[in-house]
Amino acid sequence: MTDAKKKNEKNILLLTTGGTIASLPGENGLEPQLDGDDLLRSVRGYYPQHTFACKSIMKHDSSNIQPEHWQVLARAVHEVQDLYDGVIVTHGTDTMAYTAAALSFMIRNLNKPVVLTGSQIPASEPASDAPGNLHTAIAAVECGIRGVTVAFAGRVINGTRAVKTSTMGMAAFESVNAPLMAEVKADGMRVYATSTALLEPGSPPKLDDRLCTDVCLVKLVPGTKPELFDALLSLKYRGVVIEAFGAGGVHYIERNLVEKIDMLRRNGVVVAVCSQCLYERVDLTVYEVGSRLVEAGVIPCADMTTEAVVTKLMWALGRALERSGDADPIAEVGAIFATGYAGEISLK
């Protein structure tokens, strides 16, 4: 065997969680049933030089994957860091971006590829996009793209920048406010970045899977009632993400939401603001309403995706509340949001 071939050999673990890619028809519609060996059957023959292992973590439609499952996955990935050259996670597309972002925060200094993929059409069907997406995921491992990524439709996306933008189209995910990590072209995989974050040389990957799941997302519409925020307080949420209008607008004349946001903050609830717009950033320095929000103590989230904001807030609160108990965690959470961990935010 040549040295070049030996160098290209990879030991890859496939972790399966269910999703469309693993689904077969059931009594009430598609149900995740296939395991890892079933999924690899269509692609394994193309990679005689690689060794594949499979482990089933769960068989869930991704709508049923919860923060507790992110912790299970993070621990499973962290445990095998020294045993494999890369990990591929098959996952339903609907919440894949949340899982990818959550894993990005929970495993720090990740120096090997962890690639999430799935399909829009079940792997069992002739026209499925599953084989192509698995090929892209394997290529990401072969190219050594470190950190958590999403491989889909010939593109590799930073796990904190992936957003599902199509329910039926094959190119279901976009890289929002960040360039692609890599993409497949006719002449092979073109790699634009080899890591999702700056790594600490000589430091091993670190698992930090503390989460506070008491986080709510509120998408504003004209006419949103201020009393909604009273309900959030009574439900004991510790963090609220507001999808505001444009660069960070909320209404405060006819129905004063700023007053209620200030009320949340005074009661120890962390409020983060991102935009309903898919691209570009929140900027609370542009309009009067932005200055009102700053005075109310909100955390502006710059150009982060909603999925990254929600998962980062859960992760940040998990760390802050463990140390401070019931004390107001705003200062520590604010510091965490002002720090980039996995390419999730442009700090300018």
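These numbers were taken from a predicted model, which means no experiment stands behind them. (Residues numbered from 1 in each chain as written. Predicted model: local features only at pLDDT ≥ 70, side-chain atom pairs only at ≥ 80, totals over all residues. Heavy atoms only, no water.)

A. Region of interest: the overall build of the protein. On a plain count of helices and strands, the protein comes out with 10 helices and 18 strands. Scaling as 2.2 N^0.38, a compact globule of 348 residues should have a C-alpha radius of gyration of about 20 Å, and the protein matches this with 21 Å. C-alpha extents for the protein along the principal axes are approximately 70 × 50 × 35 Å. Classification of the 348 residues of the protein by burial places 53% in the buried group. Within the protein, contacts between residues separated by at least 24 positions form 73% of all contacts whose residues are at least 6 apart in sequence. Carbon and sulfur atoms provide 51% of the accessible area of the protein, an area that totals close to 15,300 Å². (Helix = DSSP H or I, 4+ residues; strand = E, 2+ residues; numbered from the N terminus. Rg over C-alpha atoms; globule rule 2.2 N^0.38 Å. Buried < 20%, exposed > 50% of the residue type's maximum accessible area, 1.4 Å probe, protein only. Contact = heavy atoms within 4.5 Å. Areas by Shrake-Rupley, 256 points an atom, 1.4 Å probe, with all protein chains shown as cover.)

B. The pattern of salt bridges, seen in detail. Enumeration according to the criterion identifies 16 salt bridges in this entry. Of the charged contacts in the structure, one is a salt bridge between arginine 41 and aspartate 38, with a shortest N-O distance of 3.3 Å. A relative accessible area of 26% means that aspartate 38 is categorised as partly exposed. We note a salt bridge from lysine 164 to aspartate 94, for which the minimum N-O separation is 2.7 Å. Linking lysine 164 in strand 10 (residues 162–164) with aspartate 94 in the loop between strand 5 (86–90) and helix 4 (96–106), this pair joins segments that are 70 residues apart in sequence. Several salt bridges converge on common partners, so that one network encompasses Asp208, Arg210, Arg319 and Glu322. (Salt bridge = Lys/Arg side-chain N within 4 Å of Asp/Glu carboxyl O.)

C. Region of interest: the environment of isoleucine 138. Its place among the elements puts isoleucine 138 in helix 5 (residues 130–142). Residues isoleucine 138 and valine 156, 18 residues apart in the sequence, show an inter-C-alpha distance of 11 Å. Setting aside anything within four residues of it in sequence, one finds isoleucine 138 in contact with Ile12, Val43, Tyr47, His50, Phe52 and Ile88.

D. Structural context of the packing of aromatic side chains. In the structure shown here, the tally under the stated rule is 4 aromatic pairs. Here phenylalanine 105 and tryptophan 315 contribute two aromatic rings whose centre-to-centre distance is 5.7 Å and whose plane-to-plane angle is 20 degrees, an arrangement assigned as stacked. Remark: tryptophan 315 occurs in helix 9 (residues 306–324) and phenylalanine 105 occurs in helix 4; sequence separation between them is 210 residues. Since its relative accessible area comes to 0%, phenylalanine 105 is described here as buried. Chaining the aromatic ring pairs together yields one cluster made of Phe105, Trp315 and Tyr341. Of note, lysine 312 hangs over the ring of phenylalanine 337, and the distance from its end group to the ring centre comes to 5.2 Å. (Phe/Tyr/Trp six-rings, centres within 6.5 Å; stacked < 30°, edge-to-face > 60°. Lys NZ or Arg CZ within 6 Å of the ring centre and 35° of its normal.)

E. Examining helix 8 (residues 288–295) more closely. Among the residues of helix 8, those classed as buried are Val289, Gly290 and Leu293. One side of helix 8 carries all its buried residues, which in axial view fall inside an arc of 105 degrees. In this structure, the buried side of helix 8 is in contact with helix 7 (257–266). (Arc of directions from axis to C-beta.)

F. Region of interest: the side chain of histidine 251. Mapped onto the secondary structure, histidine 251 falls in the loop between strand 16 (239–244) and helix 7. On the basis of relative accessible area, histidine 251 is assigned to the buried category, the value being 18%. At 3.2 Å, the side chain of histidine 251 and the backbone oxygen of threonine 224 are in polar contact. Apart from residues lying up to four places away in sequence, histidine 251 is in contact with Val221, Pro222, Gly223, Thr224, Phe245, Asn256, Leu257 and Val258. (Polar contact = N/O pair within 3.5 Å; in protein donor to acceptor, adjacent residues only side chain to side chain.)

G. Local environment of unusual backbone geometry. At asparagine 177, a position not held by glycine, the phi torsion is positive, near 60 degrees. Considering the arrangement of structural elements, one finds asparagine 177 in the loop between strand 11 (173–175) and strand 12 (182–185). Positive phi outside glycine occurs at alanine 302, with the angle close to 50 degrees. Mapped onto the secondary structure, alanine 302 falls in the loop between strand 18 (299–300) and helix 9. With a relative accessible area of 12%, alanine 302 lands in the buried category.

H. Structural detail: the environment of leucine 134. Topologically, leucine 134 is positioned in helix 5. Look at leucine 134 and you get buried, because its relative accessible area is 2%. Residues leucine 134 and arginine 108, 26 residues apart in the sequence, show an inter-C-alpha distance of 25 Å. Ignoring any residue separated from it by four or fewer positions in sequence, one finds leucine 134 in contact with Leu39, Val43, Thr90 and Thr117.

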